[in-house]
Amino acid sequence: MFLINCPYCGERDQSEFSAGGEAHIVRPKQPTELSDDQWAEFLFMRKNIKGVQFERWNHAHGCRKWFNMVRDTSNDKIHAVYKMGEKPPIK
Amino acid sequence: MKNKYSIFSLIKNAFSYHENWQRAWRDPEPKKEYDAIIIGGGGHGLATAYYLAKKHNMTNIAVVEKGWIGGGNTGRNTTIIRSNYLWDASAGLYDHALKIWEGLSQELNYNVMFSQRGVMNLAHNLQDVRDLKRRTHANRLNGIDAVYLNTEEVKKFCPIINTSPNIRYPVLGGTLQKRAGTARHDAVAWGYARGADAMGVDIIQNCEVKGIKRIGDSVEGIETTKGFIKTKKIGVVAAGHSSVIANMVDLKLPLESKPLQALVSEPVKPIIDTVVMSNAVHAYVSQSDKGELVIGAGTDAYVSYTQRGSHNVVEGTLKAILELYPIFSRMKMLRQWGGIVDICPDASPIISKTHIKGLYFNCGWGTGGFKATPGSGDLFAHTIANDDPHKLNADFNINRFVSGDLVDEHGAAAVAH
């Protein structure tokens, strides 16, 4: 449980948000040409990092907008929040 | 076993004021090389080592544990054991474990306090009723005991449940598995550790794995905080930290690690003599032998390795508990904690070989691994020793995420994940 600085609404309680998993997983441009292995990779396989992770969040009980976040999963500290389509501010 | 526990050893040690009991397992330094190494000294890892030694004569093996035995999810779960799963593959897997549970204290010469007090699952809406009836039939076709109870029978079996039709989610019925129940979770880890140690398995605590050495497509050994240890076979049973180990060899797993919470109340006199679980409102409760109510809450819905979990999740669970059991309204909660669970997209485990030779994974047990501890260890040991899965865990291979043959127990199982 922590506070999240929504890029549209400002700081709100984490319980207002829902997590959308790892960010920057690009949807395949030509799904019909994908092998089963590539589908599995896209749909299921995750890095599930212990440490700094890039992820998508949605302000579900607020503005309902999606945005990206850089968070350390080992201590829940948030390093950065940035809008969809923007480049991550840190590597 | 060199130091068998019995009524006679108890009497003998009583004369020396119980000050001369031998330690239950050794504390060895790692050897240079082992035939196999198990990463993770929880219940599943220790059970794997135990069955590798006992059934497959692999005694030159080690279990390496980052913390201490039983300090992870083995000591953090709500100790529920049941096998009433919907699909054939799951029924086979979990009932295999339940059958081992039934003789485990005798086999290990260690009282794991397995208590077949029954597990009841409640239905709160029409879809629940249909799902639970379907699951009851599926269970019985698979030879697993299950009965469907109507509201009056639920009330009769557990009289403190509020079965009023006027509550937000009224109790419309439930299922009961009488062979199901609970066990003492620490004792399971300690019993397996002692049993494995007696057969020569080295249990190395406070030894964190830092890397896995590979040559080509086979494993060569592990880098640890106690140095390099050579081995040709590595079984990873690291629960919430499975992905951390997998990332060391650039292997991606279909897992997400999340905190799952549990809490216990102050101890009170016996009030609930069974385990009651409710999927729809996410509340489950039993009473420990000490008298504490043992309550399981839900997972936080985001990846985290923090071993604590959010307050609002606990609050949601306790609201549901209070509506179902108004009698608990003045109970005080004593302790709350979190464990990191590794959840698969289909809420079923992975007990599997990988594309790397000599590297095996037993993970993805998510929120319900404790019940499977003996079966999981037995089948994983078989998989490691023969480099081939047992027929009971063949369906739980890692390739099911490529082939699409998922064992979808999300929601189909008796509790939501």
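Scope of this entry: the structure provided in the associated data block. (Residues numbered from 1 in each chain as written. Chains lettered and ligands numbered in written order. Predicted model: local features only at pLDDT ≥ 70, side-chain atom pairs only at ≥ 80, totals over all residues. Heavy atoms only, no water.)

**Quick look at the sheet that holds strand β5 (residues 66–72) of chain A**
All names here are of chain A. The cut-off we apply is this: Only strands joined by at least two bridges in the DSSP assignment are considered to pair. Here a strand is any run of E in DSSP of at least two residues, a helix any run of H or I of at least four, and the numbering for each starts at the N terminus. Here an axis means a line fitted to C-alpha atoms, over the contact stretch when the element is a helix, while the angle between two N-to-C directions is reported on a 0 to 180 degree scale.
In spatial order, the strands read β3-β4-β5-β6; together these four strands make up an open sheet with antiparallel pairing. Both outer strands of the open sheet, β3 (18–22) and β6 (77–83), are each paired with one neighbouring strand and no more. Sheet twist, expressed as the mean angle between neighbouring strand axes with direction ignored, is 30°. Across three bridges, the pairing between β3 and strand β4 (residues 52–58) is antiparallel. Of the residues in β4, the one forming a bridge with Ser18 is Asn58.

**Here we look at a nonpolar patch on the surface**
Quick note on the threshold: A patch is a set of surface residues, each over 30% in relative accessible area and not in a salt bridge, joined within 9 Å for like charges and within 5 Å for the nonpolar side chains Val, Leu, Ile, Met, Phe, Trp and Tyr. Residue exposure ignores everything except the shown protein chains as possible cover, and the areas themselves are Shrake-Rupley values with a 1.4 Å probe. Just to be clear on terms, a salt bridge is a Lys or Arg side-chain nitrogen sitting within 4 Å of an Asp or Glu carboxyl oxygen.
Residues B:Ile7, B:Phe8, B:Leu10, B:Ile11, B:Phe15 and B:Trp21 make up a contiguous nonpolar surface patch of roughly 680 Å² in combined accessible area. Here B:Leu10 lies in helix α1 (residues 7–15).

**A few points about the packing of aromatic side chains**
Stated formally: We call Phe, Tyr and Trp rings a pair once their centres come within 6.5 Å, taking the six-membered ring for Trp, and we label the pair stacked below 30 degrees between planes, edge-to-face above 60, and tilted otherwise. For every residue, the accessible area obtained with a 1.4 Å probe (protein chains only) is divided by the maximum for its type, and the residue is called buried under 20%, exposed over 50%, and partly exposed between those limits.
Overall, the coordinates contain 16 aromatic pairs over all chains when judged by the stated rule. Judged by centre distance (6.0 Å) and plane angle (65°), the rings of A:Trp39 and A:Phe42 are edge-to-face. Here A:Trp39 and its partner A:Phe42 are both found in helix α1 (residues 36–43), three residues apart, which amounts to about one turn of the helix. Classification of A:Phe42 as buried rests on a relative accessible area of 18%. Pairing B:Tyr85 with B:Tyr94 gives two aromatic rings, centres 3.9 Å apart and planes at 10°, and the pair type is stacked.

**Re the pairing of β5(A)**
Residues and elements named next belong to chain A. Of all seven residues making up β5, six are buried, and the element is well covered by its neighbours. In this sheet, β5 lies alongside β4 in antiparallel orientation, the contact comprising seven bridges. In the sheet register, Val52 faces β5, and the bridge partner there is Asp72. Sheet topology places β5 next to β6; six bridges connect them, and they run antiparallel. Looking across to β6, one finds that Phe67 is bridged to Lys83. In textbook terms, the turn of a hairpin is the stretch between consecutive antiparallel strands, and for β5 and β6 this stretch comprises four residues, one of which, Asp76, has a positive phi near 65°.

**Some remarks on the pairing of strand β15 (residues 275–278) of chain B**
Residue and element names in this part refer to chain B. Residues Val275 and Met277 of β15 are buried on one face, and the alternating residues Val276 and Ser278, pointing to the opposite face, are buried as well. Pairing between strand β5 (residues 119–123) and β15: four bridges, direction parallel. Its bridge partner lying in β15, Val119 is registered against Val275. Pairing analysis gives three bridges linking β15 to strand β16 (residues 283–287), with the strands arranged antiparallel. Following the sheet pairing, Val276 is matched in β16 by Val285. Between β15 and β16, which pair antiparallel one after the other, the connecting turn spans four residues, and His282 there sits at a positive phi close to 45°.

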